[in-house]
Amino acid sequence: MQIENVFNRKKFFICVLNYSMTINSAFQNLLDSFCDSYERDEAEMIARIVFEDVFDLKPSSIVIDADKDFSFEKSERLTQIIQRLKNHEPVQYVTGKAFFYGNEFEVNSSVLIPRPETEELVQWIIESTSNKKQNILDIGTGSGCIAISIKKILSEADVFATDSSLGALDIAKRNSENLQQQIHFKKSDILQSENPFNIQFDIIVSNPPYITEAEKSSLDKNVIQFEPHEALFAIGDDAMIFYRKIIAFANKFLKEGGQIFFEVNQQYGKEVVKLLNENNFKNTKLKKDLNGNDRMVRAVK
Ligand code: GLN
């Protein structure tokens, strides 16, 4: 299934750890236990993420610090982490961190783990927009990754963000504080089509829930068991519901000449384009991600 490119993470591993080891031998041990379930590169990537986090190492220091022994506390923490990974929990939730557009974001099971495809959407928005005073709205902000990354570059903009989940808004607010970006957050459910800010926007962006019921069985355990279903799934098999609501919202609250950006389910990119065109949006463009799948749409009102 092609959807695996975006949402699925590979299976995790079983490992035997003994706390009288050096960092290097524990690392090698982890890698050996990975080899059945992972390609070498992937195994190394996960092991590095875990080790950098537990031992507070810089990316290259696993080699430099290789001969150091580690404390009982560290080995306890490593053992707990391994247990969580064995239960298929994504490494980003285990460490509480995900990297997105060059910055570290706090994540937990209230928010979707930011995906590289969404970085491409952010890149497109930044390339298509000049840094001036303007109102930008991110609908369904989750971890805040889109809103905060945009504000870091388009520093003159006033950036607004909504989510229907209080748990997500907590994380997004913490991320905006940690990354020192001022974002105006409000709890709001786009399915109710309300505008909690009572202003007009120059840009509206959203990466709404877009997986259908029919695609559910193609998802890996670590996605389906751990990531928030309200962030992953459209309602039933109506893959377009959020797009219809957001376009109706944009009909009212996007300025003439303003831009709308979406991340899309690759199976529904052309339908999103059609919907925008039916609503008299102009210059509608469907763009592929680095994997060659239809992944994002831009249009002008
Ligand atoms: N905007 C967030 C992201 O792109 C959350 C998206 C969502 O929860 N559907 O990661």
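What you see is a predicted model; the values in this text were computed from it and never measured.

Student: Before we go on, may I ask you to explain the pairing of strand β1 (residues 97-100) in this structure?
Tutor: Two faces, one strand: in a regular strand the side chains alternate between the faces of the sheet. Where burial is concerned, the two faces of β1 differ: the one with Ala98 and Phe100 is buried and the one with Lys97 and Phe99 is not. As paired elements, β1 and strand β2 (residues 103-106) share four bridges and run antiparallel to each other. Bridge assignment links Ala98 to a residue of β2, and that residue is Phe105. Between β1 and β2, which pair antiparallel in sequence order, lie two residues; one of them, Tyr101, sits at a positive phi of approximately 50°.

Student: Would you mind going over the side chain of Thr212 with me for this structure?
Tutor: Looking at the element boundaries, Thr212 is found in the loop between β6 (201-206) and α10 (221-224). What makes Thr212 buried here is its relative accessible area of 2%. Those residues within four positions of Thr212 in sequence are excluded, and the remaining contacts are Phe233, Gly236, Asp237, Ala239 and Tyr268.

Student: Any chance you could explain the packing of helix α12 (residues 241-253) against helix α13 (residues 269-278) here in plain terms?
Tutor: Angle between the axes and distance between the axes are the two parameters that describe a pair of packed helices. Close contact between α12 and α13 brings their axes to 11 Å; oriented N to C, the two are set at 25°. On the basis of their axis angle, the class for α12 and α13 is roughly parallel. For the pair α12 and α13, the sense of crossing is right-handed. Across the interface between the two elements, Tyr243, Arg244 and Ile247 of α12 pack against Val272, Leu275 and Leu276 of α13. Grouping the amino acids of the contact of α12 with α13 by side-chain chemistry returns five nonpolar, no polar and one charged.

Student: Sorry, what's going on with the site of the ligand here?
Tutor: Every residue near the ligand is listed here: Leu112, Thr118, Gly140, Thr141, Gly142, Cys145, Ile146, Asn207, Pro208, Pro209 and Ala231. Here a nitrogen atom of the ligand sits 3.3 Å away from a polar atom, N or O, in the main chain of Thr141. Ala231 is positioned such that a nitrogen or oxygen atom in its backbone is 3.0 Å from a nitrogen atom of the ligand. Out of a free accessible area of 300 Å², the ligand has 96% covered by protein chains. More than half of the atoms belonging to the ligand lie within 2 Å of the grid points that define the second largest pocket. Its residues assigned to classes, the shell around the ligand shows six nonpolar, five polar and no charged.

Calculation notes
Residues numbered from 1 in each chain as written. Predicted model: local features only at pLDDT ≥ 70, side-chain atom pairs only at ≥ 80, totals over all residues. Heavy atoms only, no water. Buried < 20%, exposed > 50% of the residue type's maximum accessible area, 1.4 Å probe, protein only. Helix = DSSP H or I, 4+ residues; strand = E, 2+ residues; numbered from the N terminus. Pairing = 2+ DSSP bridges. Contact = heavy atoms within 4.5 Å. Axes fitted to C-alpha atoms, helices over the stretch in contact; angles between N-to-C directions. Parallel < 35°, antiparallel > 145°, perpendicular 65-115°, else oblique. Left-handed = near helix turned anticlockwise from the far one by under 90°. Nonpolar A, V, L, I, M, F, W, Y, C, P; charged D, E, K, R; others polar. Near = heavy atom within 4 Å. Polar contact = N/O pair within 3.5 Å; in protein donor to acceptor, adjacent residues only side chain to side chain. Areas by Shrake-Rupley, 256 points an atom, 1.4 Å probe, with all protein chains shown as cover. 1 Å grid on protein atoms, 1.4 Å probe; cavity = no way out; pocket = protein on both sides within 12 Å on 5 of 7 lines; lining within 4 Å. Sits in = over half its atoms within 2 Å of the grid points.

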